Amino acid sequence: MKPLMIVLLACLFAMTAIAAGAPLPADSVLQPTDTFTNQSGKDFQLADRRGHVQLVSMFYSSCPYTCPLTIDSGLAIQRSLTPAERDRLQVLFVSFDPQHDTPAVLDALAIKRRLDLAHWTLARTDADGARKLAALLGVRYRQLSSGDFNHTSGLILLDVDGRILAKSDKLGTVPDPAFLGAVKKALGVPPAKG
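Please read these numbers as outputs of a predicted model, since none were measured by experiment.

The rules behind the values
Residues numbered from 1 in each chain as written. Predicted model: local features only at pLDDT ≥ 70, side-chain atom pairs only at ≥ 80, totals over all residues. Heavy atoms only, no water. Helix = DSSP H or I, 4+ residues; strand = E, 2+ residues; numbered from the N terminus. Buried < 20%, exposed > 50% of the residue type's maximum accessible area, 1.4 Å probe, protein only. Contact = heavy atoms within 4.5 Å. Areas by Shrake-Rupley, 256 points an atom, 1.4 Å probe, with all protein chains shown as cover. Expected span 1.5 Å × (residues − 1). pLDDT = per-residue confidence, 0-100. Phe/Tyr/Trp six-rings, centres within 6.5 Å; stacked < 30°, edge-to-face > 60°.

With that settled, consider the overall build of the chain. If you tally the helices and strands in the chain, you get six helices and nine strands. Evaluated residue by residue, the chain yields a buried proportion of 45% over its 194 residues. For the chain, the share of sequence-separated contacts (at least 6 apart) that also reach a separation of at least 24 residues comes to 70%. When the accessible area of the chain is evaluated, it comes to approximately 10200 Å², of which 59% is carbon and sulfur surface.

Below, the discussion takes up helix α2 (residues 66–79). With 14 residues, α2 extends 20 Å between its outermost C-alpha atoms, agreeing within 8% with the 20 Å of an ideal straight helix rising 1.5 Å per residue. The buried fraction of α2 amounts to 10 of the 14 residues, a majority that puts the element mostly inside the structure. All of the buried residues along α2 are Cys-67, Thr-70, Ile-71, Asp-72, Ser-73, Gly-74, Leu-75, Ala-76, Ile-77 and Gln-78.

We now examine the confidence of the model for the chain. With 86% of its residues at a pLDDT of 70 or more, the chain shows a mean pLDDT of 87. When pLDDT is averaged over each helix and strand of the chain, the minimum, 46, is found for helix α1 (residues 3–19) and the maximum, 98, for strand β5 (residues 120–124). Overall, residues 4–20 carries pLDDT values under 50, and its contacts beyond four positions in sequence, including any with other chains, amount to eight contacts.

A separate point is the packing of aromatic side chains. Overall, the coordinates contain five aromatic pairs when judged by the stated rule. Taking 5.8 Å as the distance between ring centres and 65° as the angle between the ring planes, the aromatic pair formed by Phe-59 and Phe-93 counts as edge-to-face. Taken together, the positions of Phe-59 in strand β3 (residues 53–59) and Phe-93 in strand β4 (residues 89–95) put the pair 34 residues apart, joining distant regions of the chain. Assigned by exposure class, Phe-59 and Phe-93 land together as buried.

As structure tokens, then:
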């Protein structure tokens, strides 16, 4: 069977399972039922994002160093994809500072960073929801007395059912080649050689 046919059949199978309301796999990070709110003020649950390959990270908007680099990393991955690949990839950044990261603050950050909101979602949830998601993603953070956060950073690649496929802690404008390869593979397009 030709590789393209295999990819198309796999996509059809995945979409059929999603349409049929199949339960999420036990190892899916989309399991929590907490309410999240995006930069436009629209509420959603993580399971609503099922059906898309996505990059996920946690951050806080007033972070002066690491979080802007994490956003740069997501943008660098996007720039390294073909237009067709970019159309199939979603990006979700969830704040672990719900006290300050209101939808208006997240919207201002999206505008400042020129994020394509057809593909990027900046979101918040309550403190318990943020802790649950952080635990599922393996993100560690704690708030300092200054109000800043000490935290781990990086990008996490999820498949269409929310299972973790790959992680990268390489930050900046040059994508981690192994992570980029994993993204391309998840999108069904083999990475270019060379």
